[in-house]
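Summary of structural features
So the chains spell out like this:
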Amino acid sequence: MGFDFCSFSSGSNGNCYLIKTEDAAILIDAGISGKRVWEGLQHTDTNPETLRALLITHEHSDHIGGLASVMKKGTGLKVYANKETWRAIGPAANAIAEERIHHFVTGDCFTVGDISVKTFAVSHDAAEPVGYTLRCQGRQISVVTDTGCVNAEITEEIRDANLLVLESNHDEDMLKYGKYPHFLKKRVLGDAGHLSNIAAGGVILDLLTYERKKRRVLLAHLSRENNFPEMAMQTIRNILEEHGYHTGADVYLETVPRSEIGLLYAI
Ligand SMILES: [Zn+2]
Ligand SMILES: [Zn+2]
């Protein structure tokens, strides 16, 4: 029985990830339209009737822009968010019937079909942003994007992941010398902004130091203005090699595409 992951879209143009077993399918974020989500379901051979939960990380529009249309198309779908995030979403949240909303407290665990979900706080300039760890039959997928830093608490939540979806948002020099206005550079670089390629490399290094087991890490939420997939990959490869770790041998490292449907990974 499979525990699968697929990215439908990742980055400022919209975020949406699919995690599924034969029994239950879960979406993380709805930053794209219901139509595009359904194309993703078809592409990954996912029966829309198994779609049970939409987990929201935070209220920024690249994560909730398609909330209303996804909820309209997925009639059996329940949306999961903490109260502060739900309040911050505003009008799009008010249109959804109360019985289709599950409010959790950050740190809570709950189950969706045969998948157990753990929520944990991340560091981002939103009302109450979270990351997710999903477990099924001893396997683990963790998703951490939109966080300015990865502290010890977050590391604890993700260190056993067989598949880690990790933000690798920007190259610091491209951002610093690029055309973003000063306030935005400051925001992205801050502890409540986005994770740089170097910081993502540090996170992966920490995980390998904790336990030298082979994980798959998918670099996500790459900036169009301040990053390239090759640059993210090479920066992280360099950091790992400096410490005697090699991609392919110690960790499988890939990027997820920004706007197309990515590969389907069986975990
Ligand atoms: Zn955000
Ligand atoms: Zn985002």
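This section reports on the structure supplied with the text. (Residues numbered from 1 in each chain as written. Chains lettered and ligands numbered in written order. Predicted model: local features only at pLDDT ≥ 70, side-chain atom pairs only at ≥ 80, totals over all residues. Heavy atoms only, no water.)

Ligation of the zinc ion (ligand 2) by protein atoms is provided by Asp 62 (OD), His 63 (NE2), Asp 146 (OD) and His 221 (NE2), these donors lying 2.2 Å from the ion. With 4 donor atoms in place around the zinc ion (ligand 2) and angles of 93 to 164 degrees between them, the coordination shape is irregular. In the primary sequence, the donor residues of the zinc ion (ligand 2) line up as D-H-x82-D-x74-H. Separating the zinc ion (ligand 2) and the zinc ion (ligand 1) is a distance of 3.5 Å, and Asp 146 donates to both of them. Highlighted residues: Asp 62 in helix 2 (residues 61-64) and Asp 146 in the loop between strand 10 (139-144) and helix 6 (152-158), separated in sequence by 84 residues. (Donors = N, O, S within 2.8 Å, 3.2 Å for Na, K, Ca; no water. Tetrahedral: all angles 85-135°; square planar, octahedral: opposite > 155°, others 65-115°. Helix = DSSP H or I, 4+ residues; strand = E, 2+ residues; numbered from the N terminus.)

Bringing the layout of surface pockets into the picture now. By volume, the largest pocket amounts to about 300 Å³. In terms of lining, the largest pocket is formed by 20 residues, of which the most central are Ser 12, Tyr 180, Arg 187, His 194 and His 221. Among the elements that line the lining of the largest pocket, the one with the most residues is helix 8 (residues 182-189), at 3 residues. Looking at side-chain class alone, the lining of the largest pocket contains 5 nonpolar, 9 polar and 6 charged residues. Counting the residues that make up the lining of the largest pocket, at least three belong to each of domain 1 (1-105) and domain 2 (147-258). (1 Å grid on protein atoms, 1.4 Å probe; cavity = no way out; pocket = protein on both sides within 12 Å on 5 of 7 lines; lining within 4 Å. Points joined across faces, edges and corners; volume = space filled by probe spheres on them. Nonpolar A, V, L, I, M, F, W, Y, C, P; charged D, E, K, R; others polar. Domains from an automatic or database assignment.)

As paired strands, strand 12 (residues 215-220) and strand 13 (residues 251-255) are joined by 5 bridges and run parallel to one another. For Arg 216, the partnering residue across the bridge sits in strand 13 and is Tyr 252. (Pairing = 2+ DSSP bridges.)

Attention now goes to the sheet that holds strand 14 (residues 264-266). The 7 strands are arranged 6-5-4-3-2-1-14 in an open sheet whose pairing can be described as mixed. Looking along the sheet, the strands with just one partner apiece sit at the ends: strand 6 (101-104) and strand 14. Within the sheet, the average angular offset between the axes of one strand and its neighbour, ignoring direction, is 20 degrees. Across 4 bridges, the pairing between strand 2 (residues 16-20) and strand 3 (residues 25-28) is antiparallel. Its bridge partner being in strand 3, Ile 19 is matched across the sheet by Ile 26. On the sheet, helix 1 (residues 34-43) packs against strand 1 (4-9), strand 2, strand 3 and strand 4 (51-55) and is oriented at approximately 145 degrees with respect to strand 1. (Axes fitted to C-alpha atoms, helices over the stretch in contact; angles between N-to-C directions. Contact = heavy atoms within 4.5 Å.)

Turning to the pattern of salt bridges, a few remarks are in order. Enumeration according to the criterion identifies 10 salt bridges in this entry. Measuring nitrogen to oxygen at the nearest pair gives 2.9 Å for the salt bridge that ties Glu 84 to Arg 87. Of the two residues, Glu 84 and Arg 87 both sit in helix 4 (residues 83-89), 3 residues apart, roughly one turn of that helix. Taking relative accessible area as the criterion, Glu 84 reaches 33% and is therefore assigned partly exposed. Given a relative accessible area of 58%, Arg 87 falls into the exposed group. (Salt bridge = Lys/Arg side-chain N within 4 Å of Asp/Glu carboxyl O. Buried < 20%, exposed > 50% of the residue type's maximum accessible area, 1.4 Å probe, protein only.)

Looking now at the side chain of Gln 140. Relative to the helices and strands, Gln 140 is located in strand 10. For Gln 140, a relative accessible area of 4% corresponds to the buried category. A polar atom in the side chain of Gln 140 sits 3.3 Å from the side chain of Arg 135. Among the polar contacts made by the side chain of Gln 140, one reaches the side chain of Ser 142 at a distance of 3.1 Å. (Polar contact = N/O pair within 3.5 Å; in protein donor to acceptor, adjacent residues only side chain to side chain.)

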